[in-house]
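Examination of the molecular architecture
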Amino acid sequence: VKRLKPDLTQSEVDVVGMVREVALLRRLQNQHIVEYLGYGHWHWSKPPSLQPALGNQPGPCGLDPAVQQQASLFIVEELVDGGSLRAVVARQMRHAREGRVYRAEDAMRWLMQVPHA
C-alpha cells in the first residue's frame, strides 16, 4: 500500500500527482510491472481530547483545530518479493560504491522489455 500522508493531502500538487499516478497505473498491464489493485481515501476528525497528543495545528483548509480533519489517499498494488523499494535502492547504492553496477546483459534484458510494457 502506497499512502499519501495526511499533511501532503493539503498540497494540490501532491494530490494531483497521486491521481495521475492512479490513472497511469490503471492503463499499465504487463508482467514486468507491479499490478495495480485499487485506490481509496479515508477521513477522520481529531477530537478535542486528543489535541495535546496530536498537536494544535490548523487543519486542512484552515479548519478549527478542535475538530481538525485528517485525510489520506492510498494506492494498493501487488506485493513483490525482495523487500521495500528503499531497501532495494540502498542495496544497489552499496554495490555501486563497491564498483559493481549493473551488467550490460541486465541493461539489454530490461531494454528488451520496454516495448512490451
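Please refer to the structure higher up on the page.
Residues numbered from 1 in each chain as written. Predicted model: local features only at pLDDT ≥ 70, side-chain atom pairs only at ≥ 80, totals over all residues. Heavy atoms only, no water.

**Notes on the overall build of the protein**
Helix and strand content of the protein: 4 helices and 3 strands. Reading the protein from its N end, one meets helices and strands in the order β-α-β-α-β-α-α. Counting the 117 residues in the protein, one finds 17% classified as buried. A separation of at least 24 residues holds for 64% of the contacts in the protein among residues at least 6 apart in sequence. (Helix = DSSP H or I, 4+ residues; strand = E, 2+ residues; numbered from the N terminus. Buried < 20%, exposed > 50% of the residue type's maximum accessible area, 1.4 Å probe, protein only. Contact = heavy atoms within 4.5 Å.)

**Some remarks on the pattern of salt bridges**
In total, this model carries 1 salt bridge according to the counting rule given. Between K2 and E21 there is a salt bridge, and its shortest N-O distance comes to 2.7 Å. Linking K2 in strand β1 (residues 2–4) with E21 in helix α1 (residues 12–27), this pair joins segments that are 19 residues apart in sequence. Given a relative accessible area of 38%, K2 falls into the partly exposed group. Judged by its relative accessible area of 25%, E21 falls in the partly exposed class. (Salt bridge = Lys/Arg side-chain N within 4 Å of Asp/Glu carboxyl O.)

**With respect to the nonpolar core**
The biggest cluster of nonpolar side chains holds 6 residues, and these are L4, M18, V22, L25, Y36 and I75. No other element matches α1, which puts 3 residues into this core. Excluding anything up to four places from it in sequence, I75 contacts V1, K2, M18, E21, V22, L25, Y36, G38 and Y39. (Core = buried A, V, L, I, M, F, W, Y, C linked by side-chain atoms within 4.5 Å.)

**Let's talk about the environment of Q113**
Mapping Q113 onto the fold places it in helix α4 (residues 104–113). Judged by its relative accessible area of 22%, Q113 is partly exposed. Taking the C-alpha atoms as reference points, Q113 and H32, separated by 81 residues in sequence, lie 7.5 Å from one another.

**Here's the deal with α1**
A rise of 1.5 Å per residue sets the reference length of α1, with its 16 residues, at 22 Å; its end C-alpha atoms lie 23 Å apart and thus fit the reference within 8%. Regarding α1, the residues found buried are M18, V22 and L25. End-on view of α1: buried residues confined to an arc of 70°, all on one side of the axis. Turned more than 90 degrees off the buried face of α1, the exposed positions are E12, V13, R20 and R27. (Expected span 1.5 Å × (residues − 1). Arc of directions from axis to C-beta.)

**Describing the environment of W110**
With respect to the element layout, W110 can be found in helix α4. The exposure class assigned to W110 is partly exposed, which follows from its relative accessible area of 36%. Note: C-alpha distance between W110 and H32 (78 residues apart in sequence) is 9.3 Å.

**Concerning a nonpolar patch on the surface**
A contiguous nonpolar patch, built from M108, L111, M112 and V114 and spanning about 430 Å² of accessible area, is present on the exposed surface. Tracing the backbone through its elements, the reader meets V114 in the segment after α4. (Patch = residues over 30% accessible without salt bridge, like charges linked within 9 Å, V, L, I, M, F, W, Y side chains within 5 Å. Areas by Shrake-Rupley, 256 points an atom, 1.4 Å probe, with all protein chains shown as cover.)

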